[in-house]
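So the chains spell out like this:
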Amino acid sequence: MSLDVSPELLAEAEQGTLREEDFVDTVRTSLPYAYDLIASLATELHTGARDFTDNQTPPPSEHERGQLLRALASDAIRTSLERHFDVTLAFQNCHRVAAFRPEARGGETYARFTSTRSQVLNQSPEFRDC
(Lines give C-alpha, C1' and ligand atoms only; values in the text may rest on other atoms or scores of the structure.)
Protein backbone atom coordinates (compact mmCIF):
# COMPACT_ATOMS: atom_id res chain seq x y z
CA MET A 1 0.00 0.00 0.00
CA SER A 2 1.43 3.38 -0.99
CA LEU A 3 -0.41 5.68 1.39
CA ASP A 4 -1.70 5.54 4.95
CA VAL A 5 -5.14 7.01 4.29
CA SER A 6 -6.96 8.39 7.32
CA PRO A 7 -10.69 7.79 7.78
CA GLU A 8 -11.21 11.55 7.29
CA LEU A 9 -9.39 11.57 3.93
CA LEU A 10 -11.32 8.50 2.83
CA ALA A 11 -14.59 10.23 3.77
CA GLU A 12 -13.55 13.33 1.79
CA ALA A 13 -12.81 11.17 -1.24
CA GLU A 14 -16.11 9.30 -0.91
CA GLN A 15 -17.99 12.62 -0.77
CA GLY A 16 -16.07 13.98 -3.76
CA THR A 17 -14.63 16.89 -1.79
CA LEU A 18 -11.02 15.81 -1.52
CA ARG A 19 -8.73 18.78 -0.96
CA GLU A 20 -5.33 18.46 -2.61
CA GLU A 21 -3.67 19.91 0.51
CA ASP A 22 -5.04 16.98 2.52
CA PHE A 23 -3.82 14.52 -0.11
CA VAL A 24 -0.32 16.06 -0.15
CA ASP A 25 -0.22 15.94 3.66
CA THR A 26 -1.05 12.22 3.47
CA VAL A 27 1.80 11.77 0.99
CA ARG A 28 4.12 13.69 3.35
CA THR A 29 3.33 11.44 6.30
CA SER A 30 3.10 8.19 4.31
CA LEU A 31 6.19 8.64 2.13
CA PRO A 32 8.42 10.97 4.17
CA TYR A 33 11.68 10.14 2.40
CA ALA A 34 10.21 10.83 -1.05
CA TYR A 35 8.42 13.97 0.14
CA ASP A 36 11.51 15.38 1.88
CA LEU A 37 13.77 14.62 -1.09
CA ILE A 38 11.44 16.38 -3.52
CA ALA A 39 10.99 19.27 -1.08
CA SER A 40 14.75 19.74 -0.83
CA LEU A 41 15.17 19.60 -4.62
CA ALA A 42 12.40 22.17 -5.05
CA THR A 43 13.93 24.49 -2.46
CA GLU A 44 17.33 24.22 -4.11
CA LEU A 45 15.78 24.88 -7.53
CA HIS A 46 13.77 27.91 -6.41
CA THR A 47 16.67 29.50 -4.52
CA GLY A 48 19.28 28.99 -7.25
CA ALA A 49 19.89 29.85 -10.86
CA ARG A 50 20.34 26.35 -12.28
CA ASP A 51 17.96 24.89 -14.85
CA PHE A 52 17.30 21.89 -12.63
CA THR A 53 18.38 20.15 -9.45
CA ASP A 54 18.77 16.43 -9.08
CA ASN A 55 19.54 13.73 -6.58
CA GLN A 56 22.31 11.27 -7.38
CA THR A 57 22.68 9.76 -3.91
CA PRO A 58 21.07 6.35 -3.44
CA PRO A 59 18.47 6.09 -0.68
CA PRO A 60 19.80 4.76 2.64
CA SER A 61 17.72 1.58 2.41
CA GLU A 62 15.29 -0.32 0.23
CA HIS A 63 12.47 1.06 2.39
CA GLU A 64 13.27 4.62 1.30
CA ARG A 65 13.85 3.53 -2.30
CA GLY A 66 10.39 1.97 -2.25
CA GLN A 67 8.88 5.25 -1.06
CA LEU A 68 10.51 7.12 -3.92
CA LEU A 69 9.40 4.58 -6.50
CA ARG A 70 5.82 4.60 -5.19
CA ALA A 71 5.65 8.40 -5.22
CA LEU A 72 6.96 8.73 -8.76
CA ALA A 73 5.07 5.75 -10.20
CA SER A 74 1.68 7.19 -9.20
CA ASP A 75 0.41 9.88 -11.53
CA ALA A 76 -1.80 11.31 -8.78
CA ILE A 77 1.01 11.51 -6.22
CA ARG A 78 3.58 12.79 -8.69
CA THR A 79 1.40 15.52 -10.19
CA SER A 80 0.16 16.62 -6.76
CA LEU A 81 3.77 17.00 -5.59
CA GLU A 82 4.63 18.89 -8.77
CA ARG A 83 1.78 21.35 -8.18
CA HIS A 84 2.54 21.62 -4.46
CA PHE A 85 6.23 22.43 -5.01
CA ASP A 86 5.77 24.24 -8.36
CA VAL A 87 8.17 21.95 -10.19
CA THR A 88 8.21 19.41 -12.98
CA LEU A 89 9.75 16.10 -11.95
CA ALA A 90 11.80 13.74 -14.07
CA PHE A 91 13.12 10.35 -13.03
CA GLN A 92 15.95 8.04 -14.08
CA ASN A 93 17.18 4.72 -12.72
CA CYS A 94 16.38 3.89 -9.09
CA HIS A 95 16.87 7.19 -7.37
CA ARG A 96 17.88 9.97 -9.73
CA VAL A 97 14.95 12.32 -9.50
CA ALA A 98 15.26 15.84 -10.87
CA ALA A 99 13.20 18.97 -10.30
CA PHE A 100 12.79 21.40 -13.18
CA ARG A 101 10.97 24.69 -13.39
CA PRO A 102 7.51 23.96 -14.87
CA GLU A 103 8.21 25.98 -18.01
CA ALA A 104 11.27 23.81 -18.72
CA ARG A 105 9.13 20.79 -19.72
CA GLY A 106 9.42 21.56 -23.43
CA GLY A 107 12.98 22.83 -23.27
CA GLU A 108 16.33 21.45 -24.34
CA THR A 109 17.66 20.61 -20.86
CA TYR A 110 14.52 18.71 -19.89
CA ALA A 111 14.45 16.89 -23.24
CA ARG A 112 18.10 15.91 -22.81
CA PHE A 113 17.53 14.65 -19.22
CA THR A 114 14.49 12.58 -20.24
CA SER A 115 15.95 11.25 -23.50
CA THR A 116 16.58 7.60 -24.21
CA ARG A 117 20.26 8.48 -24.64
CA SER A 118 20.48 9.89 -21.10
CA GLN A 119 18.62 6.88 -19.75
CA VAL A 120 21.15 4.53 -21.34
CA LEU A 121 24.12 6.62 -20.22
CA ASN A 122 22.84 6.63 -16.62
CA GLN A 123 22.77 2.85 -16.31
CA SER A 124 25.28 0.75 -14.48
CA PRO A 125 25.39 -2.82 -13.13
CA GLU A 126 24.66 -1.70 -9.55
CA PHE A 127 21.25 -0.37 -10.71
CA ARG A 128 20.27 -3.72 -12.23
CA ASP A 129 18.08 -4.85 -9.30
CA CYS A 130 17.15 -1.61 -7.68
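Above this text you will find the structure in question.
Parameters at a glance
Residues numbered from 1 in each chain as written. Predicted model: local features only at pLDDT ≥ 70, side-chain atom pairs only at ≥ 80, totals over all residues. Heavy atoms only, no water. Helix = DSSP H or I, 4+ residues; strand = E, 2+ residues; numbered from the N terminus. Rg over C-alpha atoms; globule rule 2.2 N^0.38 Å. Buried < 20%, exposed > 50% of the residue type's maximum accessible area, 1.4 Å probe, protein only. Contact = heavy atoms within 4.5 Å. Lys, Arg positive; Asp, Glu negative; His and termini not counted. Charge placed at Lys NZ, Arg CZ, Asp CG, Glu CD. Polar contact = N/O pair within 3.5 Å; in protein donor to acceptor, adjacent residues only side chain to side chain. Phe/Tyr/Trp six-rings, centres within 6.5 Å; stacked < 30°, edge-to-face > 60°. Lys NZ or Arg CZ within 6 Å of the ring centre and 35° of its normal.

1. Here we look at the overall build of the chain
- When helices and strands are tallied, the chain shows 7 helices and 3 strands.
- Moving toward the C terminus, one meets the helices and strands of the chain in the order α-α-α-β-α-α-β-β-α-α.
- For 130 residues, the compact-globule formula gives about 14 Å, and the C-alpha radius of gyration of the chain, at 15 Å, lands near that figure.
- Counting only C-alpha atoms, the chain reaches 45 × 35 × 25 Å along its principal axes.
- Taking all 130 residues of the chain together, the buried fraction comes to 42%.
- Look at the contacts in the chain between residues 6 or more apart in sequence, and 61% of them connect residues 24 or more apart.
- Distance between charge centroids for the chain: 8 Å, based on 13 positive and 21 negative side chains.

2. A word on the side chain of Asp 54
- With respect to the element layout, Asp 54 can be found in strand 1 (residues 52–54).
- Looking at Asp 54, its side chain comes within polar contact range of the side chain of Gln 56, at 3.0 Å.
- When residues no more than four places from it in sequence are discounted, the contact partners of Asp 54 are Leu 41, Arg 96, Val 97, Ala 98 and Phe 113.

3. Focus on the side chain of Ser 30
- As for its position among the elements, Ser 30 is in helix 2 (residues 20–30).
- Accessibility expressed as a relative area gives 11% for Ser 30, which makes it buried.
- From its side chain, Ser 30 meets the backbone nitrogen of Asp 4 in a polar contact 2.8 Å long.

4. Considering the packing of aromatic side chains
- Enumeration according to the criterion identifies 5 aromatic pairs in this entry.
- Ring geometry for Phe 100 and Tyr 110: centres 5.1 Å apart, planes at 80 degrees, overall edge-to-face. Separated by 10 residues along the polypeptide, Phe 100 in strand 3 (residues 96–100) and Tyr 110 in helix 6 (residues 108–113) bring together distant segments of the chain. You'll find Phe 100 and Tyr 110 in the same group, each marked buried.
- Here the basic side chain of Arg 50 rests over the ring of Phe 52, its NZ or CZ set 5.8 Å away from the ring centre.

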